[in-house]
Amino acid sequence: MVGVVGSSPIAPTRTPKGGPCLPKEVQRGPPLLFARRVQVNVMVEITLPDGSRRTYESAMSVAGVAADIGPGLARAALAGNIDGRLVDTDAVIEQDARVAIVTGRDAEGLEVIRHSTAHLLAQAVKQLFPSAQVTIGPVIEDGFYYDFAFERPFTPEDLEAIEARMSELAERGLSVVREVWDRDDAVAFFQDQGEVYKAEIIRDLPENEVISLYRQGDFVDLCRGPHVPSTAHLKAFKLTKLAGAYWRGNSDNEMLQRIYGTAWPDKKQLNAYLKRLEEAERRDHRRIGRELDLFSVQEHAGGGLVFWHPKGARIRRAMEDYWRDRHVAGGYELLYTPHIALLDLWNTSGHTDFYSESMYKPMEEDNQLYQLKPMNCPFHVLIYKDRLRSYRELPMRWAELGTVYRHEMSGALHGLMRVRGFTQDDAHVFCREDQIEDEILKILDLTLSMLGDFGFSQFEIHLSTRPDKSVGSDQIWDRATEALRGALARKNLDYSLDEGGGAFYGPKIDVKIEDAIGRQWQCSTIQLDFNLPERFDMEYVAEDGQRHRPIMIHRALLGSIERFFGVLIEHFEGRFPAWLAPVQAVVLNITDKQAEYARIFAQGLQNRGYRAEADLRNEKIGFKIREHTLQRIPYLLVVGDREVDSGTVAVRSRTGEDLGSMSSDQFVERLSADIESRG
Ligand SMILES: [Zn+2]
Ligand SMILES: [Zn+2]
């Protein structure tokens with residue numbers, strides 16, 4: 001899923017609200033007045049990012065500063081940053097300020113390029129399809145999109161023509177110029193051109209918003225900016241796909257045509273990105289899931305609900321068995337809880353207040369309302385509260401592979417990655433305040449060790465602290481946050497701090513894993529909770545005989561079994577290591593003469609607990625080998641007359657490597673070592 005950067009539809013990037021400051025007289029001036037500021041005779045001292053300072057006798061534009069530093073920087077300048085505000089290169093610095101020249105090397109510069117390329121796309125579309133109306137075109141992860149109202153869907157051929165026109169416009173090096181307009185004039189201007197969506201956007205802007213338009217050649221678009229100074233800076237882009245999208249994301253509105261694209265500072269980076277896309281496409285878990293017959297989503301049952309086919313179910317069982325074993329060894333007890341509960345439970349937990357958007361509607365039975373569970377937490381709390389607990393029982397670690405249901409928008413559903421029903425590898429730890437750090441340490445140990453066994457060794461860790469709106473005393477937040485820091489320090493783990501990014505009920509640690517092609521996936525989360533114990537009035541009797549509140553830790557290590565399975569499929573490209581592979585070995589006979597031997601050999605492996613099969617079909621051995629290689633089975637065991645005579649099999653890996661002939665015992669030794677290593 002790509003996320004749209006910035007919430008306001010016309011907000012190009014993360015530009016602070018308000019955009020470049022302009023004097024009032026310019027704002028009220030006639031239409032098409034250039035927004036450049038009249039030079040003021042005042043000394044201006046600017047501080048550059050390296051700390052060096054430059055003084056100018058009068059106000060200076062960003063482009064002027066870049067030119068003053070050097071001609072190379074003047075050529076590379078895409079925008080400027082004045083005291084944290086992202087501005088065009090012709091924006092004028094009129095008082096002492098910290099200034100950075102933004103180029104394609106900066107994240108901000110990359111956004112300016114992508115945003116400007118969205119305008120270039122709109123310009124090309126308007127030239128080729130004058131009746132198309134422009135709407136919005138924000139920057140998204142790795143690129144941008146632009147939504148158009150058009151009488152028919154665009155075709156792939158249209159896309160090619162549009163991209164070619166964009167290249168022509170870029171080569172012409174059109175200046176991109178900012179203009180500040182009167183609101184009514186701007187509305188009239190777009191209305192006249194039949195651009196009713198733009199007119200509507202302007203009408204909806206806050207009263208005090210400066211209406212800035214950007215002009216490049218024959219094309220004028222409403223925008224806060226900033227943009228590249230010339231289309232010549234847009235050298236490396238590609239339109240990637242077409243989709244439908246509702247105006248303002250509302251399905252009651254008209255359907256628009258969305259064109260997606262990507263843009264980079266140079267061709268080399270563009271090509272590297274397109275290669276990554278191709279690689280991701282090749283690994284797409286939905287396609288591999290079909291090819292290997294692992295899972296499906298059934299239209300007849302509804303979107304976002306996953307059906308595990310026999311081979312997928314075998315992998316899931318291996319994952320779950322491993323998960324349970326590790327948890328039991330780690331001092332956890334396993335729980336099972338229901339899928340529904342009285343709505344009142346969710347009122348007590350607070351979910352009907354702060355989580356209702358994601359919950360399915362309650363169902364009525366015997367004049368009572370029942371709720372399908374979106375989370376497992378309150379159930380574990382009920383078990384805790386089933387009797388009075390003593391400090392001697394703490395910490396209590398309770399884990400459950402708990403299936404929950406959450407209502408996701410149908411447009412957001414994506415294979416196994418974004419679903420409506422999923423099984424969390426959930427656990428709750430109830431402990432005393434002085435036990436937090438040790439418990440977090442244990443959870444981190446278990447997390448990193450398990451993720452390691454699943455083939456992940458690169459992690460990115462985030463610690464999120466108290467947000468403005470939160471429950472719990474300063475004291476408990478401080479102590480808990482210190483405990484999380486302490487545990488990370490004791491594990492010697494690098495982490496980044498997300499100040500104020502915690503949940504309202506407690507601080508948290510998130511762990512992202514990096515897959516085989518460098519993509520990051522957020523899977524593990526460890527969250528402290530000062531809220532639920534309060535809401536459920538949870539207690540334990542302490543050493544002093546008094547009743548105290550326990551601390552509750554929520555944690556999921558894999559996240560959900562479904563999504564983690566999706567990540568595994570893409571990470572391994574379907575080549576599961578032997579411990580997870582649905583079929584670990586397949587025995588192939590060359591002719592019918594060896595059929596019985598092959599069948600008995602496979603049976604022997606099965607009897608010893610391995611996932612083995614025999615393919616006795618009367619097909620050419622080359623055909624069978626190719627087919628099982630495509631099925632990514634780790635070991636292919638070929639049997640001809642020679643193998644029957646010597647009581648062996650010829651072992652071949654799925655990469656085509658000849659591992660020599662082995663007896664049943666020798667092969668089991670090899671396979672079990674492979675499984676043991678989880679490699
Ligand atoms: Zn723009
Ligand atoms: Zn929980």
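Residues numbered from 1 in each chain as written. Chains lettered and ligands numbered in written order. Predicted model: local features only at pLDDT ≥ 70, side-chain atom pairs only at ≥ 80, totals over all residues.

Draft legend 1. Expanded view of the overall build of the protein. Check the secondary structure of the protein and you find 21 helices and 36 strands. The dimensions of the protein, computed from C-alpha atoms along their principal axes, are 95 × 75 × 60 Å. Residue burial in the protein is summarised as follows: out of 679 residues, 37% are buried. (Helix = DSSP H or I, 4+ residues; strand = E, 2+ residues; numbered from the N terminus. Buried ≥ 20, exposed ≤ 12 C-beta atoms within 10 Å, placed from the backbone.)

Draft legend 2. Layout of the environment of Pro338. Relative to the elements of secondary structure, Pro338 occurs in the loop between strand S19 (333-334) and strand S20 (340-342). For the pair Pro338 and Glu364, spaced 26 residues apart in sequence, the C-alpha separation works out to 17 Å.

Draft legend 3. Local environment of the pairing of strand S27 (residues 508-514). Pairing geometry for strand S25 (residues 459-464) and S27, over six bridges, is antiparallel. Its bridge partner being in S27, Ile461 is matched across the sheet by Val511. (Pairing = 2+ DSSP bridges.)

Draft legend 4. Inspection of helix H21 (residues 664-677) at higher detail. Along its 14 residues, H21 runs 20 Å from first to last C-alpha, staying within 8% of the 20 Å computed at 1.5 Å per residue. Backbone geometry just downstream of H21 places Arg678 in the positive-phi region, at approximately 55°. (Expected span 1.5 Å × (residues − 1).)

Draft legend 5. Just the sheet that holds S20, in detail. Pairing within the open sheet is antiparallel, and its three strands lie in the order S20-S22-S21. The open sheet has two free edges, formed respectively by S20 and strand S21 (363-365), since each of these has just one partner strand. Pairwise comparison of adjacent strand axes, ignoring direction, gives a mean angle of 40° for this sheet. In terms of strand pairing, S21 meets strand S22 (residues 368-372) through three bridges, oriented antiparallel. Its bridge partner lying in S22, Met363 is registered against Tyr370. (Axes fitted to C-alpha atoms, helices over the stretch in contact; angles between N-to-C directions.)

Draft legend 6. Seen up close, the sheet that holds S27. Here eight strands make up an open sheet; going across it, the order is S19-S23-S24-S31-S28-S27-S25-S26 and the pairing mixed. Looking at strand neighbours, the two that pair on one side only are S19 and strand S26 (496-498), the edges of this open sheet. By the bridge criterion, seven bridges tie strand S24 (residues 421-431) to strand S31 (residues 551-560) in an arrangement that is antiparallel. By the bridge assignment, His428 is partnered in S31 with His554. Where helix H14 (residues 436-453) meets the sheet, it contacts S24, S25, S27, strand S28 (520-529) and S31, and its direction lies at approximately 5° from that of S31. Seen against the sheet, helix H15 (residues 474-490) touches S25, S27 and S28 and runs at an angle of roughly 160° to S25. (Contact = placed C-beta atoms within 7 Å.)

Draft legend 7. Just H14, in detail. With 18 residues, H14 ought to run about 26 Å at 1.5 Å a step, and its terminal C-alpha atoms sit 26 Å apart, in line with that. Along H14, the residues classified as buried are Ile436, Glu437, Glu439, Ile440, Ile443, Leu444, Leu446, Thr447, Leu448 and Leu451. Once H14 finishes, Gly455 follows within two positions and takes phi at roughly 100°, a positive value.

Draft legend 8. Up close: the confidence of the model for the protein. Considering every residue of the protein, the mean pLDDT works out to 91; 94% of them sit at 70 or more. Taken together, the stretch residues 1-37 has pLDDT below 50 and engages in 74 contacts with residues farther than four places along the chain or on a different chain. (pLDDT = per-residue confidence, 0-100.)

Draft legend 9. Fine view of the packing of helix H4 (residues 107-128) against helix H5 (residues 156-171). Where H4 meets H5, the closest approach of the two axes is 9 Å, and the angle between their N-to-C directions is 115°. Taken together, the axis directions place H4 and H5 in an arrangement best described as roughly perpendicular. Seen from above, H4 lies across H5 with right-handed handedness. Touching Leu120, Leu121, Gln123, Ala124, Val125, Gln127 and Leu128 of H4 are Ala161, Ile162, Arg165, Met166, Leu169 and Ala170, all from H5. In terms of residue class, the contact of H4 with H5 is built from 10 nonpolar, two polar and one charged. (Parallel < 35°, antiparallel > 145°, perpendicular 65-115°, else oblique. Left-handed = near helix turned anticlockwise from the far one by under 90°. Nonpolar A, V, L, I, M, F, W, Y, C, P; charged D, E, K, R; others polar.)

Draft legend 10. A look at unusual backbone geometry. Look at the link from Gly225 to Pro226: it is a cis peptide, with omega at -5°. Residue position: Pro226 is located in the loop between strand S14 (219-222) and strand S15 (236-246). Cis peptide bonds are those with omega within 30 degrees of zero, and the linkage from Leu394 to Pro395 qualifies with -5°. Its place among the elements puts Pro395 in the loop between helix H13 (377-384) and strand S23 (396-405).

Draft legend 11. Local environment of the packing of helix H6 (residues 183-192) against helix H7 (residues 196-204). Relative to each other, H6 and H7 sit at 165°, their axes nearing to 7 Å. Considered as vectors, H6 and H7 are oriented roughly antiparallel to each other. For the pair H6 and H7, the crossing hand works out as left-handed. Facing H6, whose interface residues are Arg183, Ala186, Val187, Phe190 and Gln191, H7 presents Val196, Lys198, Ala199, Ile202 and Arg203.

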